[in-house]
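# Observations on chain architecture
So the chains spell out like this:
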Amino acid sequence: MLTRISIGDAELSTQVRGEGDPLLLIHGFPLNHAMWEAQLESLSRTCRVIAPDLRGWGDSDRGSEEISMAQAARDLDRLAAALVGDQPIQVGGLSMGGYVAFEMVRQFPQRVSRLILADTRAIADDASTARARRITAASIREKGVVSLAADMPAKLLHPFTMESKPEVLRSLRRMIEMANPEIVAEYLEAMARRRSSEDLLGQISVPTLVVCGSHDVISTPTEMRQIASRIATASFELIEGAGHLPPMEQPGPFNQIVNAFLTG
Ligand code: MLT
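Keep in mind the model is a prediction, meaning the values are calculated, not measured.

Cut-off values and rules
Residues numbered from 1 in each chain as written. Predicted model: local features only at pLDDT ≥ 70, side-chain atom pairs only at ≥ 80, totals over all residues. Heavy atoms only, no water. Helix = DSSP H or I, 4+ residues; strand = E, 2+ residues; numbered from the N terminus. Rg over C-alpha atoms; globule rule 2.2 N^0.38 Å. Contact = heavy atoms within 4.5 Å. Areas by Shrake-Rupley, 256 points an atom, 1.4 Å probe, with all protein chains shown as cover. Lys, Arg positive; Asp, Glu negative; His and termini not counted. Charge placed at Lys NZ, Arg CZ, Asp CG, Glu CD. Near = heavy atom within 4 Å. Polar contact = N/O pair within 3.5 Å; in protein donor to acceptor, adjacent residues only side chain to side chain. Nonpolar A, V, L, I, M, F, W, Y, C, P; charged D, E, K, R; others polar. Phe/Tyr/Trp six-rings, centres within 6.5 Å; stacked < 30°, edge-to-face > 60°. Buried < 20%, exposed > 50% of the residue type's maximum accessible area, 1.4 Å probe, protein only. Lys NZ or Arg CZ within 6 Å of the ring centre and 35° of its normal. 1 Å grid on protein atoms, 1.4 Å probe; cavity = no way out; pocket = protein on both sides within 12 Å on 5 of 7 lines; lining within 4 Å. Points joined across faces, edges and corners; volume = space filled by probe spheres on them. Pairing = 2+ DSSP bridges. Axes fitted to C-alpha atoms, helices over the stretch in contact; angles between N-to-C directions. Expected span 1.5 Å × (residues − 1).

### Points about the overall build of the chain
Of the regular secondary structure elements, the chain holds 12 helices and 8 strands. Its C-alpha radius of gyration of 17 Å places the chain within 12% of the 18 Å reference for a compact globule of 264 residues. When its C-alpha atoms are laid out on the principal axes, the chain stretches across 45 × 40 × 35 Å. Considering only intrachain contacts with a sequence separation of at least 6, the fraction spanning at least 24 residues in the chain is 77%. Total accessible area computed for the chain in this model is approximately 10700 Å², and 50% of it derives from carbon and sulfur atoms. Between the mean site of the 27 positive side-chain charges and the mean site of the 33 negative ones, the chain shows a separation of 2 Å.

Here's what the structure looks like:
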């Protein structure tokens, strides 16, 4: 069911499917909830999957608050409150969605009963990465998202996905092309400003799955193994044949690993 949920100054467009323990899935940049299509299909057999478009993405409103990872976490806590009241929920985020999941742990630890960190980073941007993001933001404001839709897939996807899964490439391009350039620019600036989550790693005490595509060049397996090693309650899983987007590239193995984690 696609529904719109008020979080105060905005409504978030949200897919909710299935029954059982709620599982909130937070999308990456510059995507929307449609990246979780295979998880909405499969994981909804055992849990209530909640997949929103973050503020400004997909069909969600931009609202009036400043865009930040911390604000996105506040938005999702409100969304969860509207759907499940005070109940703790299982939270999974990919890449930028992981930055937001970390912020949920920081601000609303009582909300998070389990954590899935997929292809994400705990560190903040260094100065040169932050500068590059601001330059890209300026260029997108001027020229739109066309170059992003053309160039990003090769960075995000495993070469095998690029060559032999045209439907994944199409779906990825469609999500990037439908993104609003101003929103893309604002989130780039928000990621450049985000704080490090390294201080949280030693504090996380809920069961945590750290999962990473074998060929992820953005949040590499080496870096993600280090994240897992610093969380006392974490296990690490590698998804072969995937780049930065295992839920789309290798949905079968990804869903199996997530399902085993959630039901284990
Ligand atoms: C994402 O997939 O959300 C982005 O790669 C995050 C980032 O650029 O840091």
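There's more to say after this.
### Side note on the site of the ligand
Around the ligand, a shell composed of Gly-28, Phe-29, Ser-95, Met-96, Tyr-99, Arg-133, Met-191, Ile-218 and His-244 is seen. In this structure, Met-96 approaches the ligand through a main-chain N or O atom, which is 2.9 Å from an oxygen atom. A distance of 2.9 Å is found between an oxygen atom of the ligand and a side-chain nitrogen or oxygen belonging to His-244. Across the complex, the protein chains shield 92% of the 270 Å² of accessible surface that the ligand would expose by itself. Looking at side-chain class alone, the shell around the ligand contains 5 nonpolar, 3 polar and 1 charged residues.

### So, the packing of aromatic side chains
If you walk through the whole model with that rule in mind, you get 2 aromatic pairs. Considering the side-chain rings of Phe-29 and Trp-57, the 5.9 Å spacing of their centres and the 90 degrees angle between planes classify their relative orientation as edge-to-face. Of this pair, Phe-29 sits in the loop between strand 3 (22-26) and helix 1 (37-42) while Trp-57 sits in the loop between strand 4 (48-52) and helix 2 (69-84), and the two are 28 residues apart along the sequence. Like Phe-29, the residue Trp-57 is buried in the burial classification. Between Trp-57 and Tyr-187 the ring centres are 5.0 Å apart and the planes differ by 50 degrees, which places this aromatic pair in the tilted class. Within this pair, whereas Trp-57 is found in the loop between strand 4 and helix 2, its partner Tyr-187 is found in helix 8 (residues 181-193), the two being separated by 130 residues in sequence. Across the pair, exposure class does not vary: Trp-57 and Tyr-187 are buried alike. Clustering of aromatic rings is evident, with ring pairs tying together Phe-29, Trp-57 and Tyr-187. Arg-114 extends its terminal NZ or CZ atom over the ring of Phe-261, reaching a point 5.4 Å from the ring centre. The ring centre of Tyr-99 lies 3.8 Å from the NZ or CZ of Arg-194, which sits over that ring.

### Topic: empty space enclosed by the protein
This model, assessed by the stated rule, comprises 1 cavity of 30 Å³ or more. In this structure, the largest cavity encloses a volume near 50 Å³. As for the largest cavity, its lining consists of Leu-25, Trp-36, Leu-43, Gly-92, Gly-93, Leu-94, Ile-116, Ala-118, Phe-254 and Val-258. Secondary-structure elements contributing two or more residues to the lining of the largest cavity are strand 5 (89-94), strand 6 (112-118) and helix 12 (251-263). Taken together, the residues of the lining of the largest cavity break down into 8 nonpolar, 2 polar and no charged.

### Comments concerning the layout of surface pockets
In this structure, the largest pocket spans a volume of roughly 480 Å³. Lining the largest pocket are 21 residues, with Phe-29, Arg-133, Met-152, Lys-155 and Ile-218 positioned closest to its centre. For the lining of the largest pocket, the secondary structure elements donating two or more residues are helix 3 (96-107), helix 4 (127-143), helix 5 (146-156) and helix 8. Split by residue class, the lining of the largest pocket holds 11 nonpolar, 5 polar and 5 charged. Considering only enclosed or pocket space, the second largest pocket measures out at about 160 Å³ in volume.

### Comments concerning the sheet that holds strand 7 (residues 208-213)
An order of 1-2-4-3-5-6-7-8 is seen for the 8 strands of this open sheet, with the pairing classed as mixed. Two strands close off the open sheet at either side, each with one partner strand: strand 1 (2-6) and strand 8 (234-239). For this sheet the average axis-to-axis angle between neighbouring strands, irrespective of direction, equals 25 degrees. In this structure, strand 6 lies alongside strand 7, joined through 4 bridges in parallel fashion. Residue pairing across strands places Leu-117 opposite Val-210, the latter belonging to strand 7.

### Let's talk about helix 4
Structural remark: α-helix, 3.6 residues per turn; residues separated by three or four positions point the same way. The end-to-end C-alpha distance of helix 4, which contains 17 residues, comes to 24 Å, matching closely the 24 Å that a straight helix rising 1.5 Å per residue would cover. One or two positions beyond helix 4, positive phi appears at Gly-144, with a value near 85 degrees.

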